[in-house]
Amino acid sequence: MMHPKDFKNLVIDRALKLLWAEWMNLGVWSISEQSVRVFSDPESAIAFSEYFCKHERRLEKISFDWSKYNLQYINHSRLKRLRKAVANQAKLPLNTCVGYSGAASKYITEPEARTNSNLLIRLRLIFGSTTRAEVIFHLLTEGSANSNQIASRRFLNQKAVLIELEKLGKAGLLLEKRSTRERLFSIRKDFAGLFEFEVQMINPSWFLFSSLLILEECLRDELIDDEYLALSALMDQKKRLSEYLQKAGDCSISLSGSTVDEFYRSVTDYYSCLWKT
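To start, this report covers the structure provided alongside it. (Residues numbered from 1 in each chain as written. Predicted model: local features only at pLDDT ≥ 70, side-chain atom pairs only at ≥ 80, totals over all residues. Heavy atoms only, no water.)

### What to know about the packing of aromatic side chains
Stage number 1. The tally for this structure, following the rule as stated, stands at 16 aromatic pairs.
Stage number 2. Centroid distance Trp-206 to Phe-209: 5.6 Å. Interplanar angle 40 degrees. Geometry classified as tilted. With Trp-206 and Phe-209 both in helix H10 (residues 204-218) and three residues apart, this pair spans about one turn of that helix. For the pair formed by Trp-206 and Phe-209, the shared burial category is buried.
Stage number 3. Cluster of aromatic residues (ring-pair linked, three or more members): Phe-7, Phe-207, Tyr-264, Tyr-271 and Trp-275.
Stage number 4. Just above the ring of Trp-206 sits the side chain of Lys-247; from NZ or CZ to the centre is 4.3 Å. (Phe/Tyr/Trp six-rings, centres within 6.5 Å; stacked < 30°, edge-to-face > 60°. Helix = DSSP H or I, 4+ residues; strand = E, 2+ residues; numbered from the N terminus. Buried < 20%, exposed > 50% of the residue type's maximum accessible area, 1.4 Å probe, protein only. Lys NZ or Arg CZ within 6 Å of the ring centre and 35° of its normal.)

If you want it as structure tokens, here you go:
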């Protein structure tokens with residue numbers, strides 16, 4: 001069984017590597033090796049860099065410079081929601097690092113919209129950095145969903161999502177399936193065929209939220225030296241952690257266990273599996 005200290009180091013390492021992958025997708029030159037394929041997500045990259053910059057200071061400048069250079073690609077209402085969620089989870093101010101005020105980096109460029117990882121960027125060029133682009137992105141990559149599911153997964157306002165779904169439906173771009181309990185929407189095949197992309201298994205927002213939950217609630221410095229306390233804290237977060245990890249991606253591993261040790265093993269196995277997909 002992996003020692004909690006080793007798992008904590010693994011979580012920090014994987015979160016940083018995912019953030020580097022995100023920034024490289026978004027047009028940041030870096031000597032870091034991109035070892036995971038993820039869809040680019042500007043708001044996640046910004047919000048989580050503002051937390052993980054305490055482990056990698058370069059993220060502070062990258063986030064600041066990219067936000068200035070590529071302002072058109074940011075969905076500001078979504079960024080506000082993500083920042084608030086990160087701050088609430090970490091129990092910290094919205095930005096844990098001191099604001100950067102140096103000269104702009106020469107390593108920041110505009111993201112290449114035609115690459116497979118930049119599907120969201122491509123949609124924002126077409127539809128603007130709006131809820132509409134987010135809705136289409138979700139339906140393309142996750143399949144049919146209702147307005148609540150999309151809003152929850154993408155950190156959006158539910159009413160705004162429903163309005164966009166109804167508009168897209170009236171335009172003939174979506175199919176709607178109604179039941180007594182919900183309205184499910186899906187992309188029409190002829191419209192979906194306009195966008196080519198590779199399915200990528202890790203959802204960056206939820207992978208990073210899982211990492212944040214593990215670091216802030218389960219493997220805090222005051223708990224890490226006592227294996228029993230660290231694993232008990234993990235068990236206390238069983239429901240939330242299982243939900244976050246499952247939203248981060250699918251693995252053929254059951255997030256279960258009647259004992260603390262069993263659940264801890266399932267979490268470490270699931271987290272490691274996500275990285276390999």
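### Section: the packing of H10 against helix H14 (residues 260-276)
Stage number 1. The contact between H10 and H14 brings their axes to 12 Å, and the two run at 150 degrees. In terms of orientation, H10 lies roughly antiparallel with respect to H14. Classified by chirality, the crossing of H14 by H10 is left-handed. Contact with H10, carried on its side by Phe-207, Ser-211 and Ile-214, involves Tyr-271, Leu-274 and Trp-275 of H14 and no other residues of that element.
Stage number 2. Split by residue class, the contact of H10 with H14 holds five nonpolar, one polar and no charged. (Axes fitted to C-alpha atoms, helices over the stretch in contact; angles between N-to-C directions. Parallel < 35°, antiparallel > 145°, perpendicular 65-115°, else oblique. Left-handed = near helix turned anticlockwise from the far one by under 90°. Contact = heavy atoms within 4.5 Å. Nonpolar A, V, L, I, M, F, W, Y, C, P; charged D, E, K, R; others polar.)

### Some remarks on a negative patch on the surface
Stage number 1. A cluster of acidic side chains, namely Asp-226, Glu-227, Asp-261 and Glu-262, defines a negative patch on the protein surface.
Stage number 2. Tracing the backbone through its elements, the reader meets Asp-261 in helix H14. (Patch = residues over 30% accessible without salt bridge, like charges linked within 9 Å, V, L, I, M, F, W, Y side chains within 5 Å. Areas by Shrake-Rupley, 256 points an atom, 1.4 Å probe, with all protein chains shown as cover. Salt bridge = Lys/Arg side-chain N within 4 Å of Asp/Glu carboxyl O. Lys, Arg positive; Asp, Glu negative; His and termini not counted. Charge placed at Lys NZ, Arg CZ, Asp CG, Glu CD.)

### Considerations on the nonpolar core
Stage number 1. Residues Phe-7, Trp-23, Phe-48, Phe-52, Trp-66 and Phe-209 are the most contacted members of the largest nonpolar core, which totals 64 residues.
Stage number 2. Those elements that place two or more of their residues in this core are helix H1 (4-25), helix H2 (42-52), helix H3 (58-69), helix H4 (76-90), H10, helix H12 (227-236), helix H13 (238-248) and H14.
Stage number 3. Per-element tally for this core: the top contributor is H1, with eleven residues.
Stage number 4. Every residue in contact with Phe-209, bar those within four places of it in the chain, is listed here: Phe-48, Leu-82, Ala-85, Val-86, Gln-89, Phe-155 and Tyr-244.
Stage number 5. Among the nonpolar cores identified, the runner-up in size contains 22 residues, and Leu-119, Leu-123, Ala-151 and Val-161 belong to it. (Core = buried A, V, L, I, M, F, W, Y, C linked by side-chain atoms within 4.5 Å.)

### Quick notes on unusual backbone geometry
Stage number 1. Phi at Phe-155 takes a positive value of approximately 60 degrees, unusual for a residue other than glycine.
Stage number 2. Locating Phe-155 in the fold gives a position in the loop between helix H7 (147-154) and helix H8 (158-170).
Stage number 3. By relative accessible area, which is 11% here, Phe-155 ends up buried.

### Quick look at the side chain of Asn-203
Stage number 1. As for its placement among the helices and strands, Asn-203 is situated in the loop between helix H9 (189-192) and H10.
Stage number 2. The class for Asn-203 is buried, based on a relative accessible area of 11%.
Stage number 3. Among the polar contacts listed, one links the side chain of Asn-203 to the backbone nitrogen of Ser-205, at a separation of 3.1 Å.
Stage number 4. Only 3.2 Å separates the side chain of Asn-203 from the backbone nitrogen of Trp-206, close enough to count as a polar contact.
Stage number 5. Dropping the residues within four chain positions of it, Asn-203 is found in contact with Glu-142, Arg-153, Lys-247 and Ala-248. (Polar contact = N/O pair within 3.5 Å; in protein donor to acceptor, adjacent residues only side chain to side chain.)

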